[in-house]
Amino acid sequence: MKIILAACNAKYIHSNLAVYDLQAYARQYQQHILLKEYTINQQKDEIMKDLYEEKPDVICFSCYIWNISFVKELAEDLKKVLPSVPFWAGGPEVSFDAEAFLAANPAFDGVMVGEGEETFLELAGYYVDHRKSLEQIRGIAFRKENQVLHNGWREIMDLSKVPFPYKDLQDFDHRIIYYESSRGCPFSCSYCLSSVDKKLRFRSLDLVRKELQFFLDHKVPQVKFVDRTFNCKHDHAMAIWKYIVEHDNGVTNFHFEIAADLLREEELELMATMRPGLIQLEIGVQSTNLQTLEAIHRKTDFSRICQIVERIHSFGNIHQHLDLIAGLPYEDYDSFHHSFNDVYALSPQQFQLGFLKVLKGSLMKQMEKEYGIVHKEKEPYEVLSTNWITYEDVLNLKKVENMVEVYYNSGQFENSLKYVETLFPDSFTMYEALGRFYEQKGYDCISHNRLRRYEILLEFIESLKQGDVQKGADALVLDLYLREKLKSRPSFAKDQKAEEKKIWAYRKQENIPKTAHIQVFWDGRVLLFDYEKKDPLTGNALTEEIRL
C-alpha cells in the first residue's frame, strides 16, 4: 500500500508544513506514506508522470488559495490514467464547502475537513489495515454510491501531540522552513479564517525549546512561525524570544506575526538587545479607519502601534513588515489614502498593500451582499468593488501597490524616494503619480533591470518640472552605490575626471582597498562606500564623507 501526500507550493523556496505534520502524526504507517512536493510553476505533465510512475494506491492533495485550480486541473487528467486510485483533498480551500467541492470535481473521492492529523491517521488505517469504515471516521466528506456523506468536523486536538515534522534538512536547502508553536487566534477578524477556530492551543514550551535548538544546531537560514498572533500569550512568546537570544547561532533568522499593541515593556527591552537580523516582525495594521476596524471586528490601538513600531525602529536591529488591506468595509479611496499615509510614515522595512480576499468560510463571505462586495469568482477571490470603492479605484490602487513593491519594498531607493516625496503633498500622492507615469510611458508592461528603474525615476523627476534634478540625481547615485560597486558609472552621475588624481592620492594615503568606492556628488560631497562593512539589516555599505 502506497499513500502519497502531494503538495503543490507557490514557489520552490516554500515548503508545506501541513503534509509534513500529517506524515509525522501517522508515523505508524510511515512505510506506506510518501511525501511529494511540487510547485504550481511546474508543467502538469511533469507532475502527472512523476505521480503515475510511483504507482500509488491513494493520493491526498493539500489545497490552498494559491494552488486549488492547479490541483483540480491536475487531478482531472491524472484520474484518467489512475482511474482506480482514490483521490482525497484537504486544506482550507476545500474544508468549508466539501460537499459542493465533491459535486463539482468528480475526480475526487473525498475531503478531509479542518485539522487533518488525526483524520489522516484514521484514513491511512482504513486503507492499510482496514481499520474502521469511512462512515466511522470523523472529519471527512466522501462519496458513497450516488450521494456525498459528511461525517462532521473533528474535535480540535492537543498541539503537543503532533510530532516534530523535521528530521533530515537536506531537502530544505535554499527553502523556507515553517514552524508552529500555537494554533487558533484570540481575534475575530472577519476576513480571516483563523477567526473560525476560537480555541487557542499552545505547544509545550519544553518541546518548542528542543525543536528550536534543532534549527539552531543546523544553522537554518530562516524559520517562519505560522502562529497567527505569536505574542497573544505573553509568557509563551517571552520564553521563546529569550531562548533564541540565549542560544543565537549568529545565522538563523526567526519571523513572527505579532500584534504590536500587545507588546509589553519586558519584551521590548529584550528586543533591544537582539542581534541585528535575529528576528523580523510582521504587523498587520489593515486600516486606520475606526469604523472599518469595528466592522471587521479588529481591536487595535493605532496610536499604541505607532509608539511600538517607532520604539522598535529606534533599536536599529529588527526588520518590520507592516500590512494594509484595500477593499475593507467603510474604507473608500480617500480613507485608504489616509490609512496609507499613516502607515507609510512609520517607515517599515516592508510595506505590503494587499487587497481583500473573500475567503470561503469567513464572516466577510457571509457579509458580501450587505457590503456590496464584488470579487473574482476564482481564487484568490480578490475584491473588485464594494459599496465604498469602484473597480476604477481598485485599478488605481493596483498602480500604487506596484510602485510601492518596486521602489519601496526593494529597499534600493530609500534616499531617492525621500527626495521625490518632497515634491508632493504626501507619499500616497507621489506613488499615484509615479504609477500614472509608468502607465503613460508604457513602462508598466515591461520588465526593467535595476539601473533602468533608477533612470525611469529620474525621468519622472524631470517630468515634474519642479525641484532640483541634480539633487534628485545625487540621491539616485547614493542609493545605487550603497548596494554595490558598479562596473560602469551611471549616466546621471557627476563626471569626476577632474578629481581622479585627488581620489587616487587619497586612496594611497589612507590605504583604501580596491573593493571600496569613492564618489563625488553634484552638491560637492565626496563619499566613501566600504562594501566590506555592511549594515546587517539593510545590506547597505558603510558610508563616510571624506575630504580629498
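My aim in this report is to walk through the structure given alongside it, one point at a time. Residue numbers here run from 1 along each chain, matching the order of that chain's written sequence. For this predicted model, a pLDDT threshold of at least 70 governs which residues receive local features, and a threshold of 80 or more governs which side-chain atom pairs are given and counted, while totals over whole chains, interfaces and linings are taken from all residues. Side-chain measures here rest on the full set of heavy atoms in the structure, leaving out hydrogens and waters.

1. Remarks on the overall build of the chain
Okay, step 1: Helix and strand definitions follow DSSP, with helices as H or I runs of at least four residues and strands as E runs of at least two, each counted in order from the N terminus. What the chain contains, in helices and strands, is 19 helices and 20 strands.
Okay, step 2: As defined in this context, the radius of gyration uses C-alpha atoms, and a globule is described by 2.2 Å times the residue total to the power 0.38. Radius of gyration (C-alpha) of the chain: 27 Å, near the 24 Å computed for a compact globule of 548 residues.
Okay, step 3: Over its C-alpha atoms, taken along the principal directions, the chain stretches across nearly 85 × 55 × 50 Å.
Okay, step 4: The buried share of the chain, taken over its 548 residues, is 54%.
Okay, step 5: With an accessible surface of roughly 25,700 Å², the chain has 49% of that area assigned to carbon and sulfur atoms.
Okay, step 6: Computed over 68 positive and 83 negative side-chain charges, the inter-centroid distance for the chain is 4 Å. Summary of the burial criterion: residues with accessible area below 20% of their type's maximum are buried, those above 50% are exposed, and those between are partly exposed, where the area comes from a 1.4 Å probe applied to protein chains only. Per-residue accessibility takes into account occlusion by the displayed protein chains alone, with areas from the Shrake-Rupley method and a 1.4 Å probe. Only four residue types enter the charge count, namely Lys and Arg as positive and Asp and Glu as negative; His and the chain termini do not. Charge positions come from single atoms, namely NZ of Lys, CZ of Arg, CG of Asp or CD of Glu.

2. Describing the nonpolar core
Okay, step 1: Here the nonpolar core consists of buried residues drawn from Ala, Val, Leu, Ile, Met, Phe, Trp, Tyr and Cys, with membership extended through side-chain atoms lying within 4.5 Å. Formed by 144 residues in total, the largest nonpolar core has its most connected members in W241, F256, I279 and F340.
Okay, step 2: Excluding residues within four positions of it along the chain, I279 makes contact with W241, I244, N253, F254, F256, M271, M274, I318 and H319.
Okay, step 3: Of all hydrophobic cores here, the second largest spans 32 residues; its members include A6, I59, A75 and L102. Residue contacts are defined here by distance: any two heavy atoms, one from each residue, within 4.5 Å place the two residues in contact.

3. Examining the sheet that holds strand β14 (residues 319–326)
Okay, step 1: Pairing between strands requires that DSSP locate at least two bridges from one strand to the other. In spatial order, the strands read β8-β11-β12-β13-β14-β15; together these six strands make up an open sheet with parallel pairing. The strands lining the two open edges of the sheet, one partner per strand, are β8 (177–179) and β15 (350–355). Within the sheet, the average angular offset between the axes of one strand and its neighbour, ignoring direction, is 25°.
Okay, step 2: Of the pairings in the sheet, the one linking strand β12 (residues 253–258) to strand β13 (residues 279–286) comprises five bridges and is parallel in character. Looking at β13, one finds that F256 is bridged to L281. Between N-to-C directions, angles span 0 to 180 degrees; the directions come from axes that are lines fitted to C-alpha atoms, helices contributing only their stretch in contact.

4. Quick look at the sheet that holds strand β20 (residues 541–545)
Okay, step 1: As summarised here, the arrangement of the three strands in space is β18-β19-β20, forming an open sheet in which the pairing is antiparallel. Bordering the open sheet on either side are β18 (517–520) and β20, each of which pairs with just one other strand. When the angles between neighbouring strand axes are averaged without regard to direction, this sheet yields 25°.
Okay, step 2: Direction of pairing for strand β19 (residues 526–534) relative to β20: antiparallel, over a ladder of five bridges. Across the sheet, the residue bridging to L528 is E544, located in β20.

5. Let's talk about unusual backbone geometry
Okay, step 1: Note the cis peptide between E379 and P380, where omega equals 10°.
Okay, step 2: Here P380 lies in the loop between β16 (374–375) and β17 (383–385).
Okay, step 3: Positive phi is not limited to glycine here, since Q286 has a value of about 70°.
Okay, step 4: With respect to the helices, strands and loops of the structure, Q286 is situated in strand β13.
Okay, step 5: The phi dihedral of S347 falls on the positive side, at around 55°, and the residue is not glycine.

6. Things to note about the pattern of salt bridges
Okay, step 1: What makes a salt bridge here is a side-chain nitrogen of Lys or Arg within 4 Å of a carboxyl oxygen of Asp or Glu, nothing more. This structure, assessed with the given rule, holds 35 salt bridges.
Okay, step 2: Between K357 and E382 there is a salt bridge, with its nearest N and O atoms 3.8 Å apart. Of this pair, K357 sits in the loop between β15 and α13 (363–366) while E382 sits in the loop between β16 and β17, and the two are 25 residues apart along the sequence.
Okay, step 3: For K357, a relative accessible area of 31% translates into the label partly exposed.
Okay, step 4: For the salt bridge of E439 with K399, the shortest nitrogen-to-oxygen distance reads 2.9 Å. Residue E439 is found in helix α16 (residues 427–441), and its partner K399 is found in helix α14 (residues 391–408); the two are separated by 40 residues along the sequence.
Okay, step 5: Take K399: its relative accessible area is 21%, and that puts it in the partly exposed class.
Okay, step 6: Connected via shared salt-bridge partners are D21, E115, E117, E180, R183 and R201.

7. As for helix α12 (residues 333–344)
Okay, step 1: The first and last C-alpha atoms of α12 sit 16 Å apart over 12 residues, in line with the 16 Å expected at 1.5 Å per residue.
Okay, step 2: Counted residue by residue, α12 has nine buried out of 12 residues, so it is predominantly covered.
Okay, step 3: Of all the residues in α12, the buried ones are Y333, S335, F336, H337, S339, F340, N341, V343 and Y344.
Okay, step 4: In protein, a polar contact means a hydrogen-donor-capable atom and an acceptor-capable atom, both N or O and within 3.5 Å, with residues adjacent in sequence counting only if both atoms are side-chain atoms; elsewhere, any N or O pair within 3.5 Å suffices. The opening residue of α12, the one whose side-chain oxygen lies 3.3 Å from the backbone nitrogen of D334, is D332. Helix span, expected: 1.5 Å multiplied by one less than the number of residues in the helix.

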